[in-house]
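# Architecture at a glance
Each chain is listed here by its residues.
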Amino acid sequence: MPRKIIAIAKGDGVGPEVVNEGIKILKVLEKYSDYSFDFVETPLGGQVLKDTGTNLPTKSFDLMKKSDAILFGAIGLPDLPLGVAETAILKIRHGLNQYVNLRPAKLYEPLRDKCPLKEEYIQNGIDITTIRENTEGLYAKIGKKDVNSAENLMRYSRTAVERLIKYGFEYAMRKGHSEVISVDKANLLECSQFWREIYQDIGQNYPSLTQKNFYVDAFCQWLIRKPYTVQTVVTENMFGDIISDEAAYLIGSLGMAASGNINPDGISMYEPIHGSAPDIAGQGIANPIGTILSVKLMLEESFQDDHFGPLIEDSIVESLGIGRTLDILPLVSSANSHFKTLNTQEMGDLILALLQKRLKV
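Quick caveat, the model's predicted, so the values are computed rather than measured.

A rise of 1.5 Å per residue sets the reference length of helix 1 (residues 15-32), with its 18 residues, at 26 Å; its end C-alpha atoms lie 27 Å apart and thus fit the reference within 8%. Listing the buried residues of helix 1 in full gives G15, E17, V18, V19, E21, G22, I23, I25, L26, V28 and L29. The inward-facing, buried residues of helix 1 abut strand 1 (4-11), strand 2 (37-41), strand 3 (69-74), helix 10 (289-301), helix 11 (308-320) and helix 12 (344-360).

Given below as C-alpha cells:
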C-alpha cells in the first residue's frame, strides 16, 4: 500500500492534546497492517496568527494540498477578536472544496448514563448522522457590517444543493439506513424552498428510502422527543451546525463527537466538533475520543477502509466501561462507581491498548 501523507493541524487550546492521541492510533495501525503514514505538521490558528500575521500560512496550506487527508484539532484564542482565527477553517473547506460536513453522533451503551434524556426518549439507542452543506449559505460570509447595521446573505447554488443531497442519499444507502430526513425552513425562506424542491426531485431516484421534511425548529424538538428514530439528516450549513451540536450532547459530551469535512473526489479534513476550550487547555483533561473517532472516519471516507473502523469503535466502547475523562464521568458519584478518572493521554492509552489486543488477534 502506498504511504499516506497526513497533514497535522493541531491548532490552539486543547487541539494539540487531542490530536496527539489520534496520531497514536494511526501509528499503531502501521504496526499491524499494510498502512504507512508520513505525518506533516501544518501550523495554523490563533497563535500562528499572532506569530506570523496569518491564521493559515501559505506553506501550511500548500502541504495540505499535497496530503491524502488532514487531521485537525481546534482553533481559537480568547484574547483575539471573534472569528479572526476561526476563518482558517473556512479557507480550508472552500479552498479544498470540502462541500460535505459529515457528523455522526452515536450513543454508546456504556454512556446511556450520560445522555440527558429519560429512557423513554432513548429507547433502542441514538445513532444519527448529520450531513451538512459546508461551503455556501450564511457561512460563506457574504455580508458587511458598520456601526449602524450588519447583514449576511444566505445564497445557495443548484450545484451545491444537488451534490450535498445526492451524497446524503448515497451515504444512507451505503450504511443500510431506511430513511433520509431533510431539515429546512421552507415556510419562510426562499433558500429553503429551493432546497426542498431539489431534495424531493433527487429523492425520486431513491424509492427504497423513506423521505421526510422537517422545519428546523420542529426538528430540534424531534431530536429530544424521538432521537432513536433519526438516521441520516441532510441540511444546509447553519442549521446543520446547530442541530449536530444538539445531537452531540445527546451522546454524552461534545468531546465524543467526530466530524469530517469531505471532498469525495479530493482531500478531506477530519476533526472533533468541540472547540479549542481555552479554559481547560494544558490541564490534560480534554476528551480525545472525538478525535479518535475522526481518525475512524478518515479511514472509512478517505481510504475506503471498513475493516479497522469497527475495531477502533469497539475499543472505545470497551474503554468506557473502565475509565473516562471528566466530561463523561457519571453525574453522581457513588461508592460502587468503578470508573477510573483518566486524563487525556491515559484515555488515549487505554483505547490504544485495547485496540492493540484486537489487532494482534
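Next, the rest of the story.
Throughout the structure, instances matching the rule amount to 0 disulfides. The thiol of C115 is not disulfide-bonded; the next cysteine sulfur, from C220, is found 16 Å away. Accessibility expressed as a relative area gives 7% for C115, which makes it buried.

Let us look at the packing of aromatic side chains. Throughout the structure, instances matching the rule amount to 10 aromatic pairs. With 6.1 Å between their ring centres and 70 degrees between their planes, Y156 and W195 make a pair best called edge-to-face. Here Y156 is found in the loop between strand 7 (150-152) and helix 6 (158-174), whereas its partner W195 is found in helix 7 (residues 190-203), with 39 residues between them in sequence. Accessibility classification places Y156 together with W195 in one group, the buried group. Here a set of aromatic residues connected by ring pairs shows up, and it is made of Y35, F37, F39, F303 and F308.

Right, let's get into the layout of surface pockets. In this structure, the largest pocket occupies an estimated 840 Å³ of space. In terms of lining residues, the largest pocket is bounded by 31 residues, among which E86, I89, L90, Y139 and D241 are the most central. Of all elements in the fold, only strand 3, helix 4 (87-95), strand 6 (143-145), strand 7, helix 9 (237-250) and strand 12 (269-272) reach the threshold of two or more residues within the lining of the largest pocket. Its residues assigned to classes, the lining of the largest pocket comprises 13 nonpolar, 7 polar and 11 charged. Along the wall of the second largest pocket there are 18 residues; nearest its centre are P104, K106, D127, K296 and E313. Of all the secondary-structure elements, those providing two or more residues to the lining of the second largest pocket are strand 4 (100-106), strand 5 (127-133) and helix 10. If you tally residues by element for the lining of the second largest pocket, the top one is helix 10, at 5 residues. Tallied by class, the residues present in the lining of the second largest pocket amount to 9 nonpolar, 2 polar and 7 charged.

Listing the buried residues of helix 4 in full gives A88, I89, L90, I92 and R93. Contacts made by the buried residues of helix 4 are with helix 3 (58-65), strand 3, strand 4, strand 5, strand 11 (258-262) and strand 12. In the segment just after helix 4, N97 is the residue with positive phi, at about 55 degrees.

All right, on to the packing of helix 10 against helix 11 then. At their nearest, the axes of helix 10 and helix 11 sit 8 Å apart, and the two run at 165 degrees to each other. The angle between helix 10 and helix 11 falls in the class roughly antiparallel. The handedness of the crossing between helix 10 and helix 11 is left-handed. From helix 10, I289, I292, L293, K296, L299 and E300 reach across to helix 11, where they touch F308, G309, I312, E313, I316 and L320. Across the contact of helix 10 with helix 11, the residue classes break down as 8 nonpolar, 1 polar and 3 charged.

On to the nonpolar core. Formed by 86 residues in total, the largest nonpolar core has its most connected members in F219, I289 and I316. L44, L56, F61 and M269 belong to the second-largest nonpolar core, a separate cluster that totals 15 residues.

Counted under the stated rule, the structure contains 20 salt bridges. With its nearest N and O atoms 2.6 Å apart, the salt bridge here joins E21 to K24. Placement of the pair is E21 and K24 together in helix 1, with a separation of 3 residues, close to one helical turn. Residue classification places E21 among the buried residues on the basis of a relative accessible area of 5%. Here R93 and E271 are joined by a salt bridge, their closest N and O atoms 3.7 Å apart. On the criterion of sequence distance, the pair formed by R93 in helix 4 and E271 in strand 12 is long-range, its members being 178 residues apart. Across this residue pair, the class does not change: R93 and E271 are buried.

Turning to empty space enclosed by the protein, a few remarks are in order. Taken as a whole and judged by the stated rule, the model has 1 cavity of 30 Å³ or more. Considering only enclosed or pocket space, the largest cavity measures out at about 40 Å³ in volume. Along its surface, the largest cavity is lined by M154, Y156, V183, D184, C191, S192, W195 and E236. Of all the secondary-structure elements, those providing two or more residues to the lining of the largest cavity are strand 8 (179-184) and helix 7. With 3 residues, the top contributor of residues to the lining of the largest cavity is helix 7. When the residues that make up the lining of the largest cavity are grouped by side-chain class, the tally is 5 nonpolar, 1 polar and 2 charged.

Parameters and conventions
Residues numbered from 1 in each chain as written. Predicted model: local features only at pLDDT ≥ 70, side-chain atom pairs only at ≥ 80, totals over all residues. Heavy atoms only, no water. Helix = DSSP H or I, 4+ residues; strand = E, 2+ residues; numbered from the N terminus. Expected span 1.5 Å × (residues − 1). Buried < 20%, exposed > 50% of the residue type's maximum accessible area, 1.4 Å probe, protein only. Contact = heavy atoms within 4.5 Å. Disulfide = S-S within 2.5 Å. Phe/Tyr/Trp six-rings, centres within 6.5 Å; stacked < 30°, edge-to-face > 60°. 1 Å grid on protein atoms, 1.4 Å probe; cavity = no way out; pocket = protein on both sides within 12 Å on 5 of 7 lines; lining within 4 Å. Points joined across faces, edges and corners; volume = space filled by probe spheres on them. Nonpolar A, V, L, I, M, F, W, Y, C, P; charged D, E, K, R; others polar. Axes fitted to C-alpha atoms, helices over the stretch in contact; angles between N-to-C directions. Parallel < 35°, antiparallel > 145°, perpendicular 65-115°, else oblique. Left-handed = near helix turned anticlockwise from the far one by under 90°. Core = buried A, V, L, I, M, F, W, Y, C linked by side-chain atoms within 4.5 Å. Salt bridge = Lys/Arg side-chain N within 4 Å of Asp/Glu carboxyl O.

Interpretation in functional terms is not warranted from these geometric data alone.
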